[in-house]
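# Observations on the model geometry
Below are the chains, spelled out letter by letter.
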Amino acid sequence: MKKPHVVIIGAGPAGMSAAIYTGRAGLKTLLLGSVEKSQLHKAHLVENYFGIPSRTGPEILDQGLEQVKHFGADIIEEEVLKIV
């Protein structure tokens, strides 16, 4: 893996959005975090997410991960416990 310009901690919607924006800007991005720890992952049905028909939280997160990958971010699905 090439050394990243940006490291994003948190693989929920905010972290994924940040990874999409940095990837689109041409920055080598590393996204760290556990998708399953996201509050959205626990949602059995989401009906009020702009532009997305009713889906489960995991379905929305899967779509987000595909978009993150599309824009070239590397993803490590590990929980960050400490920054040194």
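This is a predicted model, so every value here is computed, not measured.

## A look at the pairing of strand S1 (residues 6-9)
Burial along S1 is one-sided: Val6 and Ile8 are buried, while Val7 and Ile9, pointing the other way, are not. Looking at chain direction, S1 and strand S2 (residues 29-32) are connected through 4 bridges and run parallel. Counterpart to valine 6 in the pairing with S2 is threonine 29.

## A few points about a nonpolar patch on the surface
On the surface, a nonpolar cluster with roughly 300 Å² of combined accessible area is contributed by Val7, Ile9 and Ile83. Its place among the elements puts isoleucine 83 in the segment after strand S3 (74-76). Residue classification places isoleucine 83 among the exposed positions, given a relative accessible area of 65%.

## Looking at helix H2 (residues 57-70)
Owing to its 3.6 residues per turn, the α-helix brings residues three or four apart onto one side. Taking 1.5 Å per residue as the helical rise, H2 with its 14 residues ought to reach 20 Å, and the 20 Å between its terminal C-alpha atoms agrees with that figure. Three or more residues of H2 are buried, namely Gly57, Ile60, Leu61, Gly64, Leu65 and Val68. Across the axial projection of H2, the buried residues extend over an arc of 140°, all falling on one side. With respect to the buried face of H2, the exposed residues turned more than 90 degrees away are Glu66 and His70. Contacts from the buried residues of H2 go to helix H1 (13-24), S2 and S3. Looking at the residues trailing H2, positive phi occurs at glycine 72, about 90°.

About the thresholds
- Residues numbered from 1 in each chain as written.
- Predicted model: local features only at pLDDT ≥ 70, side-chain atom pairs only at ≥ 80, totals over all residues.
- Heavy atoms only, no water.
- Buried < 20%, exposed > 50% of the residue type's maximum accessible area, 1.4 Å probe, protein only.
- Helix = DSSP H or I, 4+ residues; strand = E, 2+ residues; numbered from the N terminus.
- Pairing = 2+ DSSP bridges.
- Patch = residues over 30% accessible without salt bridge, like charges linked within 9 Å, V, L, I, M, F, W, Y side chains within 5 Å.
- Areas by Shrake-Rupley, 256 points an atom, 1.4 Å probe, with all protein chains shown as cover.
- Salt bridge = Lys/Arg side-chain N within 4 Å of Asp/Glu carboxyl O.
- Expected span 1.5 Å × (residues − 1).
- Arc of directions from axis to C-beta.
- Contact = heavy atoms within 4.5 Å.

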